[in-house]
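Read off the chains here:
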Amino acid sequence: MAQLKTTCDTVVFCSSAGHCQLDCEYCIIHPVVKREPSLTYEDVRFFLDEVGGRVFLIFSGKGDFFAGYPKRDRFLERLLDHDVEVALDVNGVLLNEYPELPPEKLEKVRAVNLTLHYKQVKEKRVEKPWASNARALLERHRGELILGTILSPLLSDLWEEGLAFYEREVFRQTGRKVWLIRDCDRPFDPAQEELFARLKSRFGEMVEKEHRDDFAADFSGYDWVSCPAGRDYFRIWNDGRVQGCPWIPELADLGNVKERRLLRRPTPFVCRTPRFCDCHDLVQLGKMGFPEEARSLPVIAAGPQGAK
């Protein structure tokens, strides 16, 4: 969600799906989620009714959003009937009802993050559906769209083949460039760094940027922030659990939408450990409170990074 701002009253990181069709070796979810419960439309509607106002729903997390429900449920389409904005983080194997959405609903899909996991796309033999879905997103989506591929040291023997696939099936037909995303958990060795540099040169015309996560950098010079977690920011998991922040004990249990329970803080939370992906997202969305008087304070040491 690079530089994506929102005027929504509430922001929700919603890990709605309990299933992913792929089995990526580098997945930050261990083990890869399979056939767990998923959120239903009624579960999310309960939350929307409880908090009121306009809500920004960021669908990412454990499973793939479209793998979490059958197309006949029209889960995304029904949510877009509400006063919401939506961001989707998807693997591109399924799009369900997305290609059939009318323009007025598509306008509410503010951002899409589509990732090519080439080895799995190849092994599952879904090259054609993936490429077709990628082109459909590029044709229909009008908001921010990040199209990236993960370059993990575990699969460096397929980097070149995967980039050639993208060049042939997407770039040459659409002109859309790709982000090269480094595996956040595994550094490259010298030979892989050399290969990476060579591929960036070979495929340079279709590379938009190289990306590497650094969630703590936003907070350099601050020793505390005013965080909306538990008041205007929440995580909702596929089993219904609601959290303000999974790393702050007093914010880790705020109810369960499947049980129709929700607790909400009356005030923002003063946080002294802002270094996780949630923190970074809130900065990008313009929702984190920074005290101006803290600018001269020591730089926060980077701690272990949080996972989506």
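Above this note sits the structure.
Residues numbered from 1 in each chain as written. Predicted model: local features only at pLDDT ≥ 70, side-chain atom pairs only at ≥ 80, totals over all residues. Heavy atoms only, no water.

Turning to the overall build of the protein, a few remarks are in order. Across its full length, the protein carries eight helices and 13 strands. For 308 residues, the compact-globule estimate of 2.2 N^0.38 gives 19 Å, and the protein sits close to it at 20 Å. Dimensions of the protein, computed from the C-alpha atoms along their principal axes, are close to 55 × 50 × 35 Å. In the protein, which comprises 308 residues, the proportion classed as buried is 53%. Residue pairs in contact within the protein that sit at least 24 positions apart in sequence constitute 78% of those at least 6 positions apart. About 14,000 Å² of surface is accessible on the protein, with carbon and sulfur atoms providing 49% of the total. The distance from the centre of the 45 positive side-chain charges to the centre of the 49 negative ones in the protein is 2 Å. (Helix = DSSP H or I, 4+ residues; strand = E, 2+ residues; numbered from the N terminus. Rg over C-alpha atoms; globule rule 2.2 N^0.38 Å. Buried < 20%, exposed > 50% of the residue type's maximum accessible area, 1.4 Å probe, protein only. Contact = heavy atoms within 4.5 Å. Areas by Shrake-Rupley, 256 points an atom, 1.4 Å probe, with all protein chains shown as cover. Lys, Arg positive; Asp, Glu negative; His and termini not counted. Charge placed at Lys NZ, Arg CZ, Asp CG, Glu CD.)

Okay, the state of the cysteines next. Applying the stated criterion across every chain yields a total of zero disulfides. Unpaired in this structure, Cys-14 has its nearest cysteine sulfur neighbour in Cys-8, at a distance of 14 Å. The exposure class assigned to Cys-14 is buried, which follows from its relative accessible area of 1%. Its sulfur unpaired, Cys-277 is 7.7 Å from the next cysteine sulfur, which belongs to Cys-279. (Disulfide = S-S within 2.5 Å.)

This next bit is on the sheet that holds strand S5 (residues 144-151). Read across the sheet, nine strands follow the order S7-S6-S5-S4-S3-S2-S1-S9-S10 without closing on themselves; strand pairing throughout is mixed. A strand with exactly one partner marks an edge of an open sheet, and here the two such strands are strand S7 (207-211) and strand S10 (242-243). Here S5 pairs with strand S6 (residues 178-182) via four bridges, running parallel. Bridge pairing in S6 links Ile-150 to Ile-181. (Pairing = 2+ DSSP bridges.)

Counting 75 residues, the largest nonpolar core has Leu-76, Leu-88 and Trp-130 as the members making the most contacts within it. When sequence neighbours within four positions are dropped, the list of residues in contact with Trp-130 reads Asn-91, Gly-92, Val-93, Leu-114, Thr-115, Leu-116, Val-121, Leu-147, Phe-165, Tyr-166 and Val-170. Counting residues in hydrophobic clusters, the runner-up holds 24 residues, among them Phe-13, Phe-276, Val-283 and Met-288. (Core = buried A, V, L, I, M, F, W, Y, C linked by side-chain atoms within 4.5 Å.)

Axis angle and axis distance: for two packed helices, these are the angle between their axes and the distance between the axes, and together they describe the pair. Packing of helix H5 (residues 127-140) against helix H6 (residues 159-174) leaves a shortest axis separation of 10 Å and a crossing angle of 30°. With respect to H6, the element H5 is oriented roughly parallel. Crossing of H5 against H6: the hand is right-handed. On the side of H5, the interface is formed by Glu-127, Trp-130, Ala-131, Ala-134, Arg-135 and Leu-138, while H6 contributes Phe-165, Tyr-166, Glu-169, Val-170, Gln-173 and Thr-174. (Axes fitted to C-alpha atoms, helices over the stretch in contact; angles between N-to-C directions. Parallel < 35°, antiparallel > 145°, perpendicular 65-115°, else oblique. Left-handed = near helix turned anticlockwise from the far one by under 90°.)

Further remarks concern helix H1 (residues 41-51). All of the buried residues along H1 are Tyr-41, Asp-43, Val-44, Phe-46, Phe-47, Leu-48 and Val-51. Residues of H1 that are buried sit in contact with strand S1 (10-14), strand S2 (55-59), helix H2 (75-79), strand S3 (84-90), strand S9 (233-236) and strand S12 (261-262). A positive backbone phi angle near 65° is found at Gly-52, which sits one or two residues after H1.

One pair of aromatic rings is described through two measures. These are the centre distance and the angle between the planes. Per the counting criterion, the structure on display carries 17 aromatic pairs. Centroid distance Phe-47 to Phe-234: 5.4 Å. Interplanar angle 80°. Geometry classified as edge-to-face. Residue Phe-47 is found in helix H1, and its partner Phe-234 is found in strand S9; the two are separated by 187 residues along the sequence. Classification of Phe-47 as buried rests on a relative accessible area of 0%. Directly above the aromatic system of Trp-179 lies the positively charged group of Lys-209, at a separation of 4.5 Å from the ring centroid. If you follow Arg-235 out to its NZ or CZ, it ends over the ring of Phe-13, 4.3 Å from the centre. (Phe/Tyr/Trp six-rings, centres within 6.5 Å; stacked < 30°, edge-to-face > 60°. Lys NZ or Arg CZ within 6 Å of the ring centre and 35° of its normal.)

Turning our attention to the pairing of S2. Burial analysis of S2 places five of its five residues in the buried class, which makes it a mostly covered element. Here S2 shows a buried face lined by Val-55, Leu-57 and Phe-59 and a second buried face lined by Phe-56 and Ile-58. As judged from the five bridges shared by S1 and S2, these two strands associate in the parallel manner. Bridge pairing links Val-12 to Leu-57 in S2. Viewed along the sheet, the connection from S1 through H1 into S2 turns out right-handed. One ladder, built from five bridges, connects S2 with S3; its direction is parallel. Counted as the bridge partner of Phe-56 is Glu-85 from S3. (Right-handed = clockwise from strand over helix to strand, strands pointing away.)

Turning our eyes to something else, we now look at the pattern of salt bridges. Within this structure, the stated rule accounts for 34 salt bridges. Note that Asp-23 is salt-bridged to Lys-124, the shortest N-O span being 2.8 Å. Within this pair, whereas Asp-23 is found in the loop between S1 and H1, its partner Lys-124 is found in the loop between helix H4 (118-123) and H5, the two being separated by 101 residues in sequence. Note on Asp-23: relative accessible area 33%, which makes it partly exposed. The closest approach of N and O atoms between Arg-168 and Glu-169, which form a salt bridge, is 3.3 Å. Put simply, Lys-71, Arg-74, Glu-77, Asp-81, Glu-100 and Lys-105 are held in one network by salt bridges that share partners. (Salt bridge = Lys/Arg side-chain N within 4 Å of Asp/Glu carboxyl O.)

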